[in-house]
Amino acid sequence: MAHANEAAIDLDWHPLSDKEIRHFDDKGYLIVRNVLNSDTIEELIEVSDQLMASDQRKNRQHSTNNLYDSFRNCISIDDAFIPLLTQKTILPVVVQLLGADLQLMTSHLIYKYPDPPGTPDTTRLPGWHRDYAIATKTHGNKLPRILLKCAYYFTDLSEPNSGATLVAPGSNHLLERIPIPKGQADPEGALEPRLQPGDCLLFENRIFHAGATNLTDQIRKAVMFGYGYRWVVPMDYRTQEQTVLDKLSPLEQYLVGEPFVKTQEFHPGGGENPLAAWCEQHGAPAVRPVH
């Protein structure tokens, strides 16, 4: 495997303002506009449509009511998803928000189909929840920030009830379950983002979020990449198969849990971290303590 060099960590520098970082820390989410261009979106839709129309069962996950269909660890299913692993705008943003000690936790292609006629616009599927559910089973709601999810949308979600991901700003600071007023479907201040194709919604694991109703005649198409600390076990896989690793660059291999440089010596930090070197190059902190 290659040693650290500029080509191996060829990432653009997209500095976040102090205001954007405070917004993410305070509210638990951030929207980055126009991340994917139209050609990339068209390619991803074509590949995704073919997957959804196939009879492939490996890594498939769908809801019992057939309103959701999805594939986990989609970077291992089709090469078209691999470039999103180091997406030139979003990965630098993730490093600035979470730090450099990163690994991919999930790559999840999700289609949300239109709800049946007569579905109330207050229907939430899935309901209000936090991510990384396996941790909430053992730690309840008293969780640290361990995961940052990046949701890339392929379809127009600029109108209400288009199936977007709702967020409850500031709920990342709650220690208990989020209060929902009696007779209401959502907590106070809940936000339904207005998103265009190619926009990316970033949100951390502690923020409560839910699926808005899809009262349109279109399928909401999206892929969600989740990054977490390297000491957290990924959700979609334990190790990637060698056939997948052979397709990845050194940085991409690092982001699915492989060492950047293979050595026989013991390294307390797990070995060389190319993202930490990249942070040093751009004057960004490699570690972001969460208070």
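## What about the pairing of strand 5 (residues 147-153)?
1) Next: Of all seven residues in strand 5, seven are buried; the element is thus mostly enclosed.
2) Next: Here strand 5 shows two buried faces, one formed by L147, K149, A151 and Y153 and the other by L148, C150 and Y152.
3) Next: Bridge count between strand 5 and strand 9 (residues 220-229): seven bridges; the pairing is antiparallel. Paired with A151 across the strands is M224, a residue of strand 9.
4) Next: Pairing between strand 5 and strand 7 (residues 200-204): five bridges, direction antiparallel. Across the sheet, the residue bridging to L148 is E204, located in strand 7.

## Some points on the pattern of salt bridges
Between side chains of opposite charge, a pair can form as their charged atoms come close.
1) Next: What the rule picks out here adds up to 12 salt bridges.
2) Next: Put simply, K221 and D49 hold a salt bridge, and the shortest N to O gap is 2.9 Å. Residue K221 is located in strand 9, and its partner D49 is located in helix 2 (residues 38-53); the two are separated by 172 residues in the primary sequence.
3) Next: The salt bridge partner of D69 is R60, with a shortest N-O separation of 2.7 Å.
4) Next: By relative accessible area, D69 is classed as buried at 9%.
5) Next: A single network of salt bridges, built from pairs that share partners, joins D25, R145, E204, R206 and R288.

## Thoughts on the packing of aromatic side chains
1) Next: Following the criterion strictly, the structure yields five aromatic pairs and no others.
2) Next: Here the aromatic rings of Y254 and F260 are separated by 6.3 Å at their centres, their planes lie at 90 degrees, and the arrangement is edge-to-face.
3) Next: Its relative accessible area of 4% is what places Y254 among the buried residues.
4) Next: F260 gets classed as buried once you look at its relative accessible area, which sits at 1%.

## Topic: the layout of surface pockets
1) Next: There is about 550 Å³ of room inside the largest pocket.
2) Next: Around the largest pocket, the lining comprises 25 residues; the ones closest to its centre are R72, H108, I110, P126 and H129.
3) Next: Among the secondary structure elements, those contributing two or more residues to the lining of the largest pocket are strand 2 (60-62), strand 3 (68-71), strand 4 (102-112), helix 4 (133-139), strand 8 (209-211) and strand 9.
4) Next: Taken together, the residues of the lining of the largest pocket break down into 10 nonpolar, nine polar and six charged.
5) Next: By volume, the second largest pocket amounts to about 220 Å³.
6) Next: Around the second largest pocket, the lining residues are V35, L36, N37, T40, E43, L44, D79, A80, P83, L84, Q87 and K88.

## Let's talk about a negative patch on the surface
1) Next: A cluster of acidic side chains, namely D39, E42, E43 and E46, defines a negative patch on the protein surface.
2) Next: Among the structural elements, E42 can be located in helix 2.
3) Next: With a relative accessible area of 53%, E42 lands in the exposed category.

## A few points about helix 2
Each α-helix turn comprises 3.6 residues. Residues three or four places apart therefore point the same way.
1) Next: The terminal C-alpha atoms of helix 2, which comprises 16 residues, lie 22 Å apart, in line with the 22 Å expected from a rise of 1.5 Å per residue.
2) Next: Buried within helix 2 are the following residues: I41, L44, V47, S48, L51 and M52. Seen from one end, helix 2 has its buried residues packed into an arc of 135 degrees, which puts them on one side. Residues of helix 2 that are exposed and point more than 90 degrees away from the buried face comprise D39, E42, Q50 and A53.
3) Next: Each element contacted by the buried residues of helix 2 is listed here: strand 2, strand 3 and strand 4.
4) Next: Where helix 2 starts, the residue carrying a side-chain oxygen 3.2 Å from the main-chain nitrogen of D39 turns out to be N37.

## Description of the nonpolar core
1) Next: One finds F81, L109, Y152, L202 and F225 to be the most contacted residues of the largest nonpolar core, which totals 62 residues.
2) Next: Considering every element that reaches this core, the biggest residue donor is helix 3 (residues 90-98), with seven residues.
3) Next: Apart from the residues lying within four places of it in its own chain, the contact partners of L109 are S48, L51, M52, D69, S70, F71, C74, F81, F154, A222 and V223.
4) Next: Membership of the second largest hydrophobic core comes to 14 residues, among which are Y68, I110, L195 and I207.

## Observations regarding unusual backbone geometry
1) Next: Between L125 and the following residue, P126, the backbone shows a cis peptide bond with an omega angle of -5 degrees.
2) Next: Here N34, not a glycine, exhibits a phi torsion of approximately 55 degrees, which is positive.
3) Next: As for its placement among the helices and strands, N34 is situated in the loop between strand 1 (29-32) and helix 2.
4) Next: Here the phi dihedral of N161 falls at roughly 60 degrees; this positive angle occurs in a residue that is not glycine.
5) Next: Secondary-structure assignment places N161 in the loop between strand 5 and strand 6 (165-167).

Reading guide: rules and limits
- Residues numbered from 1 in each chain as written.
- Predicted model: local features only at pLDDT ≥ 70, side-chain atom pairs only at ≥ 80, totals over all residues.
- Heavy atoms only, no water.
- Buried < 20%, exposed > 50% of the residue type's maximum accessible area, 1.4 Å probe, protein only.
- Helix = DSSP H or I, 4+ residues; strand = E, 2+ residues; numbered from the N terminus.
- Pairing = 2+ DSSP bridges.
- Salt bridge = Lys/Arg side-chain N within 4 Å of Asp/Glu carboxyl O.
- Phe/Tyr/Trp six-rings, centres within 6.5 Å; stacked < 30°, edge-to-face > 60°.
- 1 Å grid on protein atoms, 1.4 Å probe; cavity = no way out; pocket = protein on both sides within 12 Å on 5 of 7 lines; lining within 4 Å.
- Points joined across faces, edges and corners; volume = space filled by probe spheres on them.
- Nonpolar A, V, L, I, M, F, W, Y, C, P; charged D, E, K, R; others polar.
- Patch = residues over 30% accessible without salt bridge, like charges linked within 9 Å, V, L, I, M, F, W, Y side chains within 5 Å.
- Areas by Shrake-Rupley, 256 points an atom, 1.4 Å probe, with all protein chains shown as cover.
- Lys, Arg positive; Asp, Glu negative; His and termini not counted.
- Charge placed at Lys NZ, Arg CZ, Asp CG, Glu CD.
- Expected span 1.5 Å × (residues − 1).
- Arc of directions from axis to C-beta.
- Contact = heavy atoms within 4.5 Å.
- Polar contact = N/O pair within 3.5 Å; in protein donor to acceptor, adjacent residues only side chain to side chain.
- Core = buried A, V, L, I, M, F, W, Y, C linked by side-chain atoms within 4.5 Å.

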